[in-house]
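Analysis of the macromolecular model
Residue strings, one per chain:
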Amino acid sequence: MASALRGAAGNLLKALSGAPRWQVLSCRPLSGAESAPARADATFKVTMVPGDGVGPELMTAVKDVFKAGDVPVEFEEFHLSEVQNMASEEKLEQVLTSMKNNRVAIKGKIHTPMEFKGELASYEMRLRRKLDLFANVVHVNSLPGYSTRHNNLDLVIIREQTEGEYSSLEHESVSGVIECLKIITREKSRRIAKFAFDFATKKGRSKVTAVHKANIMKLGDGLFLQSCAEVAQLYPKIKYENIIIDNCCMQGARHPFAQAMGRNIANPTAMLLSAANMLRHLNLEFHSQMVSDAVKRVIKQGKVRTRDLGGYSTTGDFVSAVVENLRHRPRY
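Residues numbered from 1 in each chain as written. Predicted model: local features only at pLDDT ≥ 70, side-chain atom pairs only at ≥ 80, totals over all residues. Heavy atoms only, no water.

**A closer look at the pairing of strand 2 (residues 44-49)**
Put simply, the test is: Note on classification: 1.4 Å probe, protein chains only; a residue is buried when its accessible area is under 20% of the maximum for its type, exposed when over 50%, partly exposed between these limits. What counts as a helix is a DSSP run of H or I of at least four residues, what counts as a strand is a run of E of at least two, and both are numbered from the N terminus. The rule for pairing is simple: two strands pair if DSSP sees at least two bridges between them. The definition of a right-handed crossover adopted here requires that, viewed with the strands pointing away, the path from the first strand over the helix to the second runs clockwise.
Strand 2 sits mainly inside the fold: 5 of its 6 residues count as buried. Note that strand 2 and strand 3 (residues 73-77) share 5 bridges and pair parallel. If you follow Phe44 over to strand 3, its bridge partner there is Val73. Where the polypeptide runs from strand 2 across helix 2 (residues 55-68) and back to strand 3, its parallel neighbour, the crossover connection is right-handed. Both strand 2 and strand 4 (residues 105-107) contribute to a ladder of 3 bridges, which runs parallel. Within strand 4, the position partnered with Val49 by the bridge is Lys107.

Here it is as structure tokens:
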């Protein structure tokens, strides 16, 4: 199964600067040759923003699995939604304060209304800008136990999300004529390129590909390509290439999550694995591996599958199966 990981959660983990607050780790003896897991002596506070659509259901799945696995994380939960009329300047500031204090957050998608209500930048966009969440990192990875059209996938998509089409600069020059400004700067183009090459270096990946539309937007995307090429020269051990977006997107797939809202049928795999990545970021390696392994065992066993995987299991069924597969839980 190809699962997209580190979406909104990954963005927050990468971009909220500063090391997480943690104390000395302690161990307990285990039977056999198994090495002793490390655990935190304190509970980590994490900001949780469920968002819209199936977000609240997926966050419930995370909380249920964490509780069953005795994961030392305490969530500060905020419901921020434009489409459900649960958004305000005051609430946005509360979320920002919590994120800055905790330095780690996990969030679902905050849907952006299509109609114009006097503010071009959505709350999602404003969160990104205020916290400078410039890199959207998505890991697409095949999991054993479920065959797809393309197997053995292992790629990472890194997207700049504070300028370009996200500039939110539009105006009506004359009646019936709208101008949309796509802002590209050398500074931010080089920053995202360096992020991608640093990521590739750290994760042991051999190639970075810049995806663009410079054949049409010759100046804007041309500057982006030039910046990427300049940064690439600083990383001679990593192969660099570029490709036009049309050729890159041979096939696109969208999952109708909005249609699954409130029906207990959403697949929580990606959110649970994102939560496991968050635990690794907090240096809770044992708990991270425990959650990740449990999810992957459920997929590999193939007994519990949600509708998107061709089965009839509910979100709750999947979560229960993950809980049953949690092994070697730490004893306090």
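**Considerations on a nonpolar patch on the surface**
To be explicit about the condition: In this analysis, a patch consists of residues with relative accessible area above 30% that form no salt bridge, clustered at 9 Å for like charges and at 5 Å for the nonpolar side chains Val, Leu, Ile, Met, Phe, Trp and Tyr. To be clear on the numbers: accessible area is Shrake-Rupley with a 1.4 Å probe, and residue cover counts the displayed protein chains and nothing else. Definition used for salt bridges: Asp or Glu carboxyl oxygen within 4 Å of a side-chain nitrogen of Lys or Arg.
The grouping of Leu169, Leu181 and Ile183 at the surface amounts to a nonpolar patch, some 230 Å² of accessible area in total. Residue placement: Leu169 occurs in strand 7 (residues 164-174). Taking the relative accessible area as the measure of exposure, Leu169 reaches 38% and is therefore partly exposed.

**Here we look at the packing of aromatic side chains**
Just so we agree on the cut-off: Aromatic rings from Phe, Tyr and Trp, with only the six-membered ring used for Trp, were paired whenever their centres fell within 6.5 Å, and each pair was classed as stacked if the ring planes differed by under 30 degrees, edge-to-face if by over 60, and tilted otherwise.
Enumeration according to the criterion identifies 4 aromatic pairs in this entry. Seen from their ring centres, Phe134 and Phe195 are 5.7 Å apart, and the 80° between their planes marks the pair as edge-to-face. Within this pair, whereas Phe134 is found in the loop between helix 4 (123-131) and strand 5 (135-142), its partner Phe195 is found in helix 5 (residues 186-203), the two being separated by 61 residues in sequence. Given a relative accessible area of 14%, Phe134 falls into the buried group. Their ring planes at 45° and their centres at 6.2 Å tell us that Phe197 and Tyr240 sit as a pair that is tilted.

**Observations regarding the side chain of Glu124**
How we decide: In the analysis that follows, any N or O atom pair within 3.5 Å is treated as a polar contact, provided that within protein one partner can donate a hydrogen and the other can accept it, and provided that, for residues neighboring in sequence, both atoms belong to side chains.
The topology assignment puts Glu124 in helix 4. The buried category is assigned to Glu124, whose relative accessible area is 7%. A distance of 2.8 Å separates polar atoms of two side chains, one belonging to Glu124 and the other to Lys107.

**Some details on the side chain of His212**
Cut-off, in case you're wondering: Any pair of residues with heavy atoms lying within 4.5 Å of one another is described as a contacting pair.
Positionally, His212 belongs in strand 9 (residues 207-212). Looking at His212, the relative accessible area reads 7%, which means it is buried. Side-chain polar atoms of His212 contact the backbone nitrogen of Ala214, separated by 2.9 Å. One polar contact links His212 to Asn242, side chain to side chain, over a distance of 3.1 Å. Excluding anything up to four places from it in sequence, His212 contacts Asp221, Phe224, Leu225, Asn242, Ile243, Ile244 and Ile245.

**Remarks on the pattern of salt bridges**
Within this structure, the stated rule accounts for 16 salt bridges. Note that Asp132 and Arg191 form a salt bridge whose closest N and O atoms lie 2.7 Å from each other. Here Arg191 lies in helix 5 and Asp132 lies in the loop between helix 4 and strand 5, a separation of 59 residues in the sequence. The class for Arg191 is partly exposed, based on a relative accessible area of 26%. Glu230 is paired through a salt bridge with Arg190; the nearest N and O atoms lie 2.8 Å apart.

**Notes on the sheet that holds strand 2**
Counted only if it meets this: Lines fitted to C-alpha atoms define the axes, with helix axes restricted to the stretch in contact, and inter-axis angles between N-to-C directions lie between 0 and 180 degrees.
Read across the open sheet, the 3 strands follow the order 3-2-4; overall the sheet is parallel. Each edge of the sheet is formed by a strand with only one pairing partner; in this case those strands are strand 3 and strand 4. Pairwise comparison of adjacent strand axes, ignoring direction, gives a mean angle of 30° for this sheet. Packed onto the sheet, helix 2 meets strand 2, strand 3 and strand 4 and runs at close to 155° relative to strand 3. Contacts from helix 3 (residues 89-102) reach strand 2, strand 3 and strand 4, with the element oriented near 150° to strand 2.

**Focus: the environment of Thr112**
Checked against the element boundaries, Thr112 lands in the loop between strand 4 and helix 4. Classification of Thr112 as partly exposed rests on a relative accessible area of 39%. Note: C-alpha distance between Thr112 and Ser122 (10 residues apart in sequence) is 6.1 Å.

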